[in-house]
Amino acid sequence: MKPIEGVAAIGRDSDALEAFYREHIEAVQRFIARRVEAPEDAADLTAEVFLAAIRASRDYRGDAAAPRAWLYGIARRVVAGHHRSTIRALRAVRQIDARELLDDDAADRIVARIDSQRAVRAVYRSLATLPERQRAVVELVAVDGLPLTEAAAALGISAGNARVLYHRARRRLARALSQPLPDPVEVTS
């Protein structure tokens, strides 16, 4: 490993970066560990400090600060940004409690909507057994409600091909579903 040519080299020379990192990693980790509690946050923030240092290395002027002081300045800004975003997230969570936004009628409507989609969820589970092209036609026609000709256009196939694929999928799914797939809607232009 070659000696550090200076902080400015870490952005363009991987050997200089490795030497710089090894020399300063413990100091940066201690700096951050004094300011955050979660080990995951400390690890993430340490990485952010060195990434920021790499980005800022071309602007480093050796006479402005010793490398450790320069890194501490970067670390201070990274940690402060972390604390600001944590505070914003906590405020947002306190301001928005979804249960308070729902009245009894809204909760009942959500439950009813979930119940009404039970058959559609069964179709989705059964679709996994179909070949891709059949599955695509069934999704567009039976689940999304497109007419067969529009589904064919969306898939870039002929209406006749879409009709055949849908018919084959209906036969294949007849045993798996409690209700057969609906007849496709035909739209003529």
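Structure first, text after, so check above.
Throughout what follows, the structure given in this document is the object of discussion. (Residues numbered from 1 in each chain as written. Predicted model: local features only at pLDDT ≥ 70, side-chain atom pairs only at ≥ 80, totals over all residues. Heavy atoms only, no water.)

Quick notes on the overall build of the protein chain
So, step 1. Looking only at helices and strands, one finds nine helices and zero strands in the protein chain.
So, step 2. When its helices and strands are written in sequence order, the protein chain yields α-α-α-α-α-α-α-α-α.
So, step 3. Per-residue burial over the protein chain gives 29% buried out of 189 residues.
So, step 4. Expressed as a percentage of contacts within the protein chain between residues at least 6 apart in sequence, the contacts between residues at least 24 apart total 50%.
So, step 5. Surface accessibility of the protein chain: about 12,700 Å² in total, with carbon and sulfur atoms responsible for 53%. (Helix = DSSP H or I, 4+ residues; strand = E, 2+ residues; numbered from the N terminus. Buried < 20%, exposed > 50% of the residue type's maximum accessible area, 1.4 Å probe, protein only. Contact = heavy atoms within 4.5 Å. Areas by Shrake-Rupley, 256 points an atom, 1.4 Å probe, with all protein chains shown as cover.)

Digging into the pattern of salt bridges
So, step 1. In total, this model carries three salt bridges according to the counting rule given.
So, step 2. Of the charged contacts, one joins Arg-22 and Glu-18 as a salt bridge, the two residues approaching to 3.1 Å between their closest N and O atoms. Of this pair, Arg-22 and Glu-18 both sit in helix 1 (residues 14–33), four residues apart, which is roughly one turn of that helix.
So, step 3. For Arg-22, a relative accessible area of 56% translates into the label exposed.
So, step 4. In this structure, Arg-135 engages Glu-132 in a salt bridge whose closest nitrogen and oxygen atoms are separated by 2.4 Å. Of this pair, Arg-135 and Glu-132 both sit in helix 7 (residues 132–143), separated by three residues, roughly a single helical turn. (Salt bridge = Lys/Arg side-chain N within 4 Å of Asp/Glu carboxyl O.)

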